[in-house]
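Topology and contacts: notes
Listed below, chain by chain, are the residues.
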Amino acid sequence: MHTRSLACAILLCLAPAALAAPAAPRDRSLDGRLRDSARAVAKHARARGASPVEVRGRVQEVMIANLKVERARQEHAAMKKAGLDVPYREVHAFVEREFEAFVKGFARPSGWDELSAGRQFAIFFKAAKQGFASERTFPSNFAALDPSGKAQVARCFAGNCSLKAAPGELEKWLRLTGGAKAAPKRPLSSFEQLLATSAGGAKAAPKTYYGAETAKAIENFKITDQKVPHDLIVAVAEIKAAAAIANMRTGRLDRKLGGAIVKAAREIKAGRFADQFVTDPIQGGAGTSVNMNVNEVIAARASELLAGKIDTKLVHANDHVNMAQSTNDVYPTAARLAAYRRLKSLLGSYELLVKELEAKGTEYAGLPKPGRTHLEDAVPIMLGREFKAYAAVLKRDIRDIKVAMKGLTSVNLGGTAVGTALNAEPAYVKNVAKVLGNISGVPLHRTRDLVDGTQNIDAMTRAHATLKVSSSNLIKICNDLRMMNSGPRAGLGEITLPEMQKGSSIMPGKVNPVIAEVMNQVSYQVQGNDVTVNLVAQNGQFELNQMEPVMVHNLLGSIQILDRGARTLAEKAIRGLKANDEACLRGARQMLGLATALVPRLGYDRSAQLAKTALKTGKSLQELVVENGDLGAAEAARLLDPARMARGGVLK
């Protein structure tokens, strides 16, 4: 049960009694503190005009929060007693994870669903207080344990297992916990590292290079369960290297420190320390958490290169790595650089798709099929012409993407906080974008107006708009493919897309056009992302668009899925596509649109009359014009030839 849903129930059971109770002497027990807190919160909420339901929900949330605080205080005090200097915030973060584990493992009694919401919360809260807060404590004799005992404690904490041992009961505790548990895949906090490294016999925990600001971001932004993409991190690292070089040239940055920063940034670009970049892509602060994550890792690694150990004072994340920079010029520049590279990859996939479509256009250049408008018969068209048209519209998309890429090469690096270049040397401002261009291999240049470049993100908005238009084109293409592929017996059946997998778990022999379907879904996602991008573009205030992270998340995501989708469509659908000649020819010969070729010879009215008669009788137009004496057999065959009609012109 989710803690919030549990916290939205209490006053139906617990809270009425608690809130209605008469004043009593102050009780400093856990129950007393929780009760006092609940009363204070309820009183404050009522004073602000909250409804009874809102009051109850708020009281429950506070009771849960206070329970976690009590638990964290207990653990923190026990650790201090054991001689461990662990920051309280890290203990509280551990308690948050432990509470999540408790919620997942909470055993509901029989008849749970029939209980009232208030009763459910009462039972849950009592169980949480007893099993989560009261009975489990950090072993206060930790410092006196032998290495194997310390190892068990460290591994248990790393694996989020229950600690249920009072001081002096280690054997009982080991039996209850079942021994050592595997460490999680997530990076260990410095709290867990301290436990593991002080455990003697325990395996050393992975080294953490990021620092306090990144740790705060981890706790503050638990949004998507995703991490900032590696290519965006690489772009930020390249900016740090470029800034260090430019600052060394001005003489502002010590060359020894600058060289270490450049080397650390190059290591990140090469793929090292990927597990140290742990922030969520959707975050408040306009990308500050991304910038500081990279600053901290580079500072730690640079100091390690210089001194053999991490020393955040030797190389400072802000003073040295972030010198003459602000998140407000670093993050937008990195976003443009990452988007440019992804668009370049997208061009490769689009060019492959165009190549495959043009190949089909050539292969089926002489195969007539029914042309359709409004999903109704029109006049014959060559199947190859349709594929050539698909290729043509994608060629225009390629052209537009190249234009968008050019717009992304103008960056505001050097503008610092609001585009005024505060705290940056003029020589640095002049050269840093050029240095970054040399490092990245992307033809970057400093935007003419750095204030404009810091305020506005229209280049990225325009780039995504190009993707939206292209996704619309792809939707149209894939819809056509799916309809032409429909059947195989009760549909159009004009083409056969490659069989990729079973189409049904119940219907034997069914095959679905899954590649065209996934390309459609990719395109729908891009269309939805464009709404977010436009909302972000509209809602920046004054000197900065602080909502940029979600735009970058959607822009980079759209490019990536279009890139993969277009390549998948080319390789798994278009390349192996086969035309069904018989179905195409049969449909072309039977379609009533053939009457259009009779108009120059017989006139519109007579041709329309013949078409209606053909529909009513089921006879072909060629049969009717010969039977009625409108045309001779040879002339009728010549005028009503679908292949001749598909080539266009006036038939004589």
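Scroll up for the structure.
Residues numbered from 1 in each chain as written. Predicted model: local features only at pLDDT ≥ 70, side-chain atom pairs only at ≥ 80, totals over all residues. Heavy atoms only, no water.

This part covers the side chain of N512. Along the chain, the position of N512 falls in the loop between β5 (495-496) and α20 (514-538). At 2.5 Å, the side chain of N512 forms a polar contact with the side chain of K510. With residues near it in sequence (within four places) discarded, N512 still touches G503 and E517. (Helix = DSSP H or I, 4+ residues; strand = E, 2+ residues; numbered from the N terminus. Polar contact = N/O pair within 3.5 Å; in protein donor to acceptor, adjacent residues only side chain to side chain. Contact = heavy atoms within 4.5 Å.)

Turning to the pattern of salt bridges, a few remarks are in order. If you walk through the whole model with that rule in mind, you get 23 salt bridges. The salt bridge partner of R272 is E267, with a shortest N-O separation of 3.4 Å. Looking at R272, the relative accessible area reads 40%, which means it is partly exposed. (Salt bridge = Lys/Arg side-chain N within 4 Å of Asp/Glu carboxyl O. Buried < 20%, exposed > 50% of the residue type's maximum accessible area, 1.4 Å probe, protein only.)

Turning next to the packing of aromatic side chains. Under the defined criterion, the tally for this structure stands at 2 aromatic pairs. Ring centres 5.6 Å apart and planes at 80 degrees place the aromatic pair F387 and Y390 in the edge-to-face group. With F387 and Y390 both in helix α16 (residues 383-408) and 3 residues apart, this pair spans about one turn of that helix. Accessibility expressed as a relative area gives 0% for F387, which makes it buried. With relative accessibility at 5%, the residue Y390 sits in the buried group. (Phe/Tyr/Trp six-rings, centres within 6.5 Å; stacked < 30°, edge-to-face > 60°.)

Across the interface, helix α19 (residues 458-485) lies against α20 with an axial gap of 8 Å and an inter-helix angle of 155 degrees. When the axes of α19 and α20 are compared, the pair comes out roughly antiparallel. Crossing of α19 against α20: the hand is left-handed. Of the residues contributing to the contact of α19 with α20, the split by class is 11 nonpolar, 10 polar and 4 charged. (Axes fitted to C-alpha atoms, helices over the stretch in contact; angles between N-to-C directions. Parallel < 35°, antiparallel > 145°, perpendicular 65-115°, else oblique. Left-handed = near helix turned anticlockwise from the far one by under 90°. Nonpolar A, V, L, I, M, F, W, Y, C, P; charged D, E, K, R; others polar.)

Before going further, it helps to examine the nonpolar core. Grouped together as the largest cluster of nonpolar side chains are 116 residues, with contacts concentrated most on Y350, L353, L394, L481, L562 and L569. Per-element tally for this core: the top contributor is helix α15 (residues 327-363), with 16 residues. Aside from chain neighbours lying at most four places away, what touches Y350 is L394, D397, I398, I401, S470, L474, L562 and A566. Membership of the second largest hydrophobic core comes to 18 residues, among which are M591, L594, A597 and L640. (Core = buried A, V, L, I, M, F, W, Y, C linked by side-chain atoms within 4.5 Å.)

Relative to the assigned elements, T447 resides in the loop between β4 (445-446) and α18 (450-455). T447 sits in the buried class, given a relative accessible area of 10%. Discounting chain neighbours no more than four positions away, the residues touching T447 are S410, V411, N412 and G453.

Turning our attention to the environment of A265. In this fold, A265 is placed in helix α12 (residues 255-269). Distance from A265 to A241, taken between C-alpha atoms, is 5.9 Å for residues 24 residues apart in sequence. Apart from residues no more than four positions distant in its own chain, A265 is found in contact with A237, A241 and I298.

Moving on, we come to the packing of α20 against helix α21 (residues 548-574). For the pair α20 and α21, interaxial distance at closest approach is 9 Å and the crossing angle is 160 degrees. In terms of orientation, α20 lies roughly antiparallel with respect to α21. You can see that α20 and α21 cross each other, and the crossing is left-handed. Grouping the amino acids of the contact of α20 with α21 by side-chain chemistry returns 14 nonpolar, 7 polar and 2 charged.

Don't take any of this as a statement about function, it's just geometry.
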